[in-house]
Amino acid sequence: MRETSDDATTGNVVETAPTPPATPSSLTDRISDGLQNAVKAVIGSNRKPPRRFKTLLHGTWLGHPLHPAITDVPIGAWLLAVIFDIVWLVSPAASVWAARGAEVAVIVGILGAIGAAVTGLADWSDSYGAERTVGLYHAGLNSLALILFIISAALRLGTSDGGSVAGVALDIVGLVSVLVAAYLGGDMVFDKGVAVNHTAWEAGGDDFEAALPVADLPEHALRRVMVAGVPVVLLKMGDKYSAIAATCSHAGGPLDEGALQGDVVECPWHGSRFRMRDGKPLTGPATFAQPRYDVRVRNGMIELRRA
Ligand code: FES
């Protein structure tokens, strides 16, 4: 989940991770590289302002990844379509409403799948390694399902009652495809940790804990400290202190190594920007806020407590 890139603000090259030894790229890597570049060309890059469209697709405004919330629509609608299909096939008395029901469900699923595809591609464009490969297969199977259901809808719209035997066959194959894709999507989350809040397991004590002598904290510079065994990034601006978790909620990047612009820190890995005073993500791909810490000064020491 790391990258090396040009900093759009300063023009400097930001070294973010050791460069892995060169290995011959596989076909899936070459396809993924090309597709990720194409996606970023359309929806924008995390490091090129204003980043609004890409941030919108990630769900930063929602405080939750948008893609998994939308995926329920095509899965549910297409499952319903197949149920209507079976009723239509086995029950002549229900043929008209069942065929119309399947037709509507297929179309609703197509609309949901388009939304899921666009938001999923935005998330996938920031992925690397094994998760990127699994994500490519996940997208491929979902694309196959979408194509099959579009053909099914076209066949149905060409009939007087919405019923189509060929459409039923396409629906069943499409549903199998989307369910296998859903399994791979779950694998990305539960096995590879994609789209989970990487600060979710960080504990916080009830009491303030001494973190750093005041004299050791320079003005307007990020400083990493440990509080209750958790890395925290600390900032002093005039007489105001702010502190948030140093582990980026998106994929675990070190925020203390990020670029600081005013009160905003930019993650060195994928460019998410967080407000230091409250941990709020301003631009994606991060969607979850950083845990915030209360700060006080006692006897020349900066003390922190998880807010
Ligand atoms: S780790 Fe991805 S933006 Fe921070």
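The model shown is predicted, which means the values in this text are computed figures rather than measured ones.

The next point concerns the overall build of the chain. Along the backbone of the chain there are six helices and 12 strands. Taking all 307 residues of the chain together, the buried fraction comes to 40%. When contacts within the chain are restricted to residue pairs at least 6 apart in sequence, those whose partners lie at least 24 apart make up 60%.

What follows is about the nonpolar core. If you look at the biggest cluster of nonpolar residues, it comprises 27 residues, and the most contacted ones within it are Val232, Val233, Leu234, Ala243 and Leu304. When contributions to this core are tallied by element, the ones reaching two or more residues are β4 (223-227), β5 (230-237), β6 (240-245), β11 (292-298) and β12 (301-306). With five residues, the single largest contributor to this core is β5. Discounting residues that sit within four places of it in the chain, Ala243 has contacts with Val232, Val233, Leu234, Tyr293, Val295 and Leu304. Judged by nonpolar contacts, the second largest core, of 23 residues, contains Ala77, Trp88, Ala116 and Leu170.

Here we take up the domain arrangement of the chain. Here the chain is partitioned into domain 1 (5-13 + 25-190) and domain 2 (209-306). Distance from the C-alpha centre of domain 1 to the C-alpha centre of domain 2: 37 Å. Every contact between the two is made by 16 residues of domain 1 and, on the other side, 12 residues of domain 2. Ranked by residues supplied to the side of domain 1 that touches domain 2, first place goes to helix α2 (residues 52-58) with three residues.

Moving on, we come to the sheet that holds β12. Think of a sheet as strands paired side by side through backbone hydrogen bonds, with each pair either parallel or antiparallel. With antiparallel pairing, the six strands of this open sheet are ordered in space as β3-β12-β11-β6-β5-β4. A single partner strand is all that each edge strand has here, and the edge strands are β3 (209-213) and β4. Ignoring which end each strand starts from, the neighbouring axes of this sheet average 35 degrees apart.

A separate point is the packing of helix α3 (residues 66-90) against helix α4 (residues 95-124). For any two helices packed against each other, one specifies the inter-axial angle together with the distance between the axes. Two numbers describe how α3 lies on α4: the axes approach to 7 Å, and their chain directions differ by 160 degrees. Overall, the two elements α3 and α4 adopt an arrangement that is roughly antiparallel. For the pair α3 and α4, the sense of crossing is left-handed. Residue classes in the contact of α3 with α4 are distributed as 19 nonpolar, nine polar and two charged.

Moving on: the confidence of the model for the chain. Note that predicted coordinates carrying low pLDDT should not be read in detail. Predicted confidence across the chain gives a mean pLDDT of 89, with 92% of residues reaching 70 or more. Scored below 50 in pLDDT, residues 1-21 shows 27 contacts in the model against residues more than four places distant or in partner chains.

As paired elements, β4 and β5 share five bridges and run antiparallel to each other. Looking across to β5, one finds that Val225 is bridged to Val232. Between β4 and β5, which follow one another and run antiparallel, lie two residues, and Ala228 among them has a positive phi close to 50 degrees.

Turning to the environment of Leu282, a few remarks are in order. Inspection of the secondary structure puts Leu282 in strand β10 (residues 281-283). For the pair Leu282 and Leu146, spaced 136 residues apart in sequence, the C-alpha separation works out to 33 Å. With residues up to four places along the chain from it excluded, the contact list for Leu282 reads Val264, Arg273, Phe274 and Arg275.

In this section: the environment of Glu131. Positionally, Glu131 belongs in helix α5 (residues 129-157). The spatial distance from the C-alpha of Glu131 to the C-alpha of Lys192 is 6.4 Å, given a sequence separation of 61 residues. If sequence neighbours within four positions are ignored, Glu131 has contacts with Met188, Lys192 and Val194.

Burial along β12 is one-sided: Ile302, Leu304 and Arg306 are buried, while Met301, Glu303 and Arg305, pointing the other way, are not. As defined by bridge partners, β3 adjoins β12 across four bridges and the pair is classed as antiparallel. Each residue of the ladder has a partner; that of Glu209, found in β12, is Leu304. When β11 meets β12, the two strands line up antiparallel, connected through six bridges. If you follow Val295 over to β12, its bridge partner there is Leu304. What sits between the antiparallel neighbours β11 and β12 is a turn of two residues, in which Asn299 has the positive phi angle 50 degrees.

What follows is about the packing of α5 against helix α6 (residues 165-190). Where α5 contacts α6, the two axes come as close as 8 Å, and the packing angle between them is 160 degrees. Relative to α6, the element α5 is oriented roughly antiparallel. Seen from above, α5 lies across α6 with left-handed handedness.

With that out of the way, let us pick up unusual backbone geometry. The peptide bond linking Gly284 to Pro285 adopts the cis configuration, its omega dihedral lying at 15 degrees. Among the secondary structure elements, Pro285 is positioned in the loop between β10 and β11. Even without being glycine, Ala195 reaches a positive phi, approximately 70 degrees. Within the element layout of this structure, Ala195 appears in the loop between α6 and β3. Looking at Ala195, the number of C-beta atoms within 10 Å reads 23, which means it is buried. A positive phi is found at Asn299, a non-glycine position, where the angle reads about 50 degrees.

Calculation notes
Per chain, residue numbering runs from 1 following the sequence as it is written. Restriction of local features to residues with pLDDT of at least 70 applies here, the model being predicted, together with a cutoff of 80 or more for giving and counting side-chain atom pairs; totals for whole chains, interfaces and linings are based on all residues. In this text, helices come from DSSP runs of H or I with a minimum length of four residues, and strands from runs of E with a minimum of two, each type numbered from the N-terminal end. As a rule, residues whose C-beta atom has 12 or fewer other C-beta atoms within 10 Å are exposed, those with 20 or more are buried, and those in between are partly exposed; C-beta atoms are placed from the backbone. In this description, a residue-residue contact is defined by the distance between C-beta atoms placed from the backbone, which must lie within 7 Å. Residues enter a nonpolar core if they are buried, belong to Ala, Val, Leu, Ile, Met, Phe, Trp, Tyr or Cys, and are joined to the set through C-beta atoms within 7 Å. Where each domain starts and ends follows an automatic or database-derived domain assignment. Strands are treated as partners if at least two bridges between them are detected by DSSP. Orientation is described by lines fitted to C-alpha atoms, with helices fitted over the stretch in contact, and by angles between N-to-C directions that extend from 0 to 180 degrees. Here the word oblique covers every angle except those under 35 degrees (roughly parallel), over 145 (roughly antiparallel) and from 65 to 115 (roughly perpendicular). Take the far helix as your reference; a near helix turned counterclockwise from it by less than a right angle gives a left-handed crossing, and one turned clockwise gives a right-handed crossing. Amino acid classes used here: Ala, Val, Leu, Ile, Met, Phe, Trp, Tyr, Cys and Pro are nonpolar; Asp, Glu, Lys and Arg are charged; the rest, including Gly, are polar. A score between 0 and 100, pLDDT records how confident the predictor is in each residue.

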